[in-house]
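Coordinate analysis (summary)
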Amino acid sequence: MKSQPPTINTPNEYANLYPRPPLLSSFQTQWQRISMVYTHQTATDELPEVTHLLHGVAIFTTPGISEWTIDGTTKVDSNTPGDIVIVPANVGHSTRWQSEAKIIVIGLENSLFAEANDETLHSTQPKLRPQFPTADPLVYRLGLSLKSVLEQDPNGSRLYAETTAAMLAVHLLQHYSDR
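These numbers come from a predicted model, not from an experiment.

**Some thoughts on the overall build of the protein**
Secondary structure summary: the protein contains four helices and 11 strands in total. Scaling as 2.2 N^0.38, a compact globule of 179 residues should have a C-alpha radius of gyration of about 16 Å, and the protein matches this with 15 Å. Along the longest, intermediate and shortest principal axes, the C-alpha atoms of the protein span 45 × 45 × 30 Å. Scored against the burial criterion, the 179 residues of the protein give a buried share of 48%. Across the protein, every contact between residues at least 6 apart in sequence was considered, and the portion connecting residues at least 24 apart equals 76%. Approximately 8,900 Å² of the protein is accessible, and the part contributed by carbon and sulfur atoms is 50%.

This is the structure in structure tokens:
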């Protein structure tokens, strides 16, 4: 029987698992229910298998090749800018980069999804599905806009970030859940 991977409790703990420190992060902002890091990894860098309390979305901003293991399934894929990977909360995952990559990683609290579900009047909470690299232009644009606002005005970006988080949660539920 395989043991459970360790659970990471905070976005900062998760970012510290990456071999290279983030180029940019939301950790010093007042953002609530959403976190973001922009990271640069090189070929041979790895993220060990863990679970996280947040739903995660990785957004590729550069082309490359990566190996993802999510919930016991492993895939090696070519990634293009705009490809996303979705890792639901409490799902084991690891990554190995086979080429250089720049990635926006967004963490979203489960409460965002519960609120989005309440707004649609569904009686049961849909479950977010893991997603290996796939193109999603809207999520890509939202990720780039979060990166941009964090670079330009980190202290004045809270409303923008939290509004974007709500939009991301609704979009992910509509397109990547078992609804």
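**Considering empty space enclosed by the protein**
Counted according to the given criterion, the structure contains one cavity of 30 Å³ or more. The calculated volume of the largest cavity comes to roughly 240 Å³. Elements with a minimum of two residues in the lining of the largest cavity: α1 (11–17), β3 (34–41), β5 (55–60), β8 (83–87) and β10 (101–108). Looking at the lining of the largest cavity, the element that brings in the most residues is β5, giving four residues. Each residue belonging to the lining of the largest cavity can be placed in one class, and the counts come to 15 nonpolar, six polar and no charged.

**Things to note about helix α3 (residues 137–152)**
With 16 residues, α3 should cover 22 Å at 1.5 Å per step; its first-to-last C-alpha distance of 22 Å lies within 8% of that length. Of all the positions in α3, only V139, L142, G143, S145, L146, K147, V149 and L150 are classed as buried. Looking at the buried residues of α3, the elements they touch are β2 (24–25), β3, β5, β8, β10 and α4 (158–176).

**A closer look at the layout of surface pockets**
Looking at the largest pocket, its volume works out to about 180 Å³. In terms of lining residues, the largest pocket is bounded by 14 residues, among which H55, P88, A89, K127 and L128 are the most central. A breakdown of the residues in the lining of the largest pocket according to their chemical character gives eight nonpolar, four polar and two charged.

**Re α4**
In this model, α4 (19 residues) spans 26 Å end to end at C-alpha, consistent with the 27 Å of a helix rising 1.5 Å per residue. Three or more residues of α4 are buried, namely A161, T164, A165, L168, A169, H171, L172, L173 and Y176.

**Quick word on the side chain of T39**
On the secondary structure map, T39 appears in strand β3. Residues contacting T39, with those up to four places away along its chain left out, are Y18, R20, L23, A101, K102, I103 and V105.

**Re the packing of aromatic side chains**
Any aromatic ring pair is given by two values, namely how distant the centres are and how the planes are angled relative to each other. In the structure shown here, the tally under the stated rule is three aromatic pairs. On the numbers, 5.7 Å between centres and 85° between planes, the contact of Y14 with Y18 is edge-to-face. Here the aromatic rings of F60 and W68 are separated by 6.4 Å at their centres, their planes lie at 85°, and the arrangement is edge-to-face. Take W68: its relative accessible area is 4%, and that puts it in the buried class.

Reading the values: rules and limits
Residues numbered from 1 in each chain as written. Predicted model: local features only at pLDDT ≥ 70, side-chain atom pairs only at ≥ 80, totals over all residues. Heavy atoms only, no water. Helix = DSSP H or I, 4+ residues; strand = E, 2+ residues; numbered from the N terminus. Rg over C-alpha atoms; globule rule 2.2 N^0.38 Å. Buried < 20%, exposed > 50% of the residue type's maximum accessible area, 1.4 Å probe, protein only. Contact = heavy atoms within 4.5 Å. Areas by Shrake-Rupley, 256 points an atom, 1.4 Å probe, with all protein chains shown as cover. 1 Å grid on protein atoms, 1.4 Å probe; cavity = no way out; pocket = protein on both sides within 12 Å on 5 of 7 lines; lining within 4 Å. Points joined across faces, edges and corners; volume = space filled by probe spheres on them. Nonpolar A, V, L, I, M, F, W, Y, C, P; charged D, E, K, R; others polar. Expected span 1.5 Å × (residues − 1). Phe/Tyr/Trp six-rings, centres within 6.5 Å; stacked < 30°, edge-to-face > 60°.

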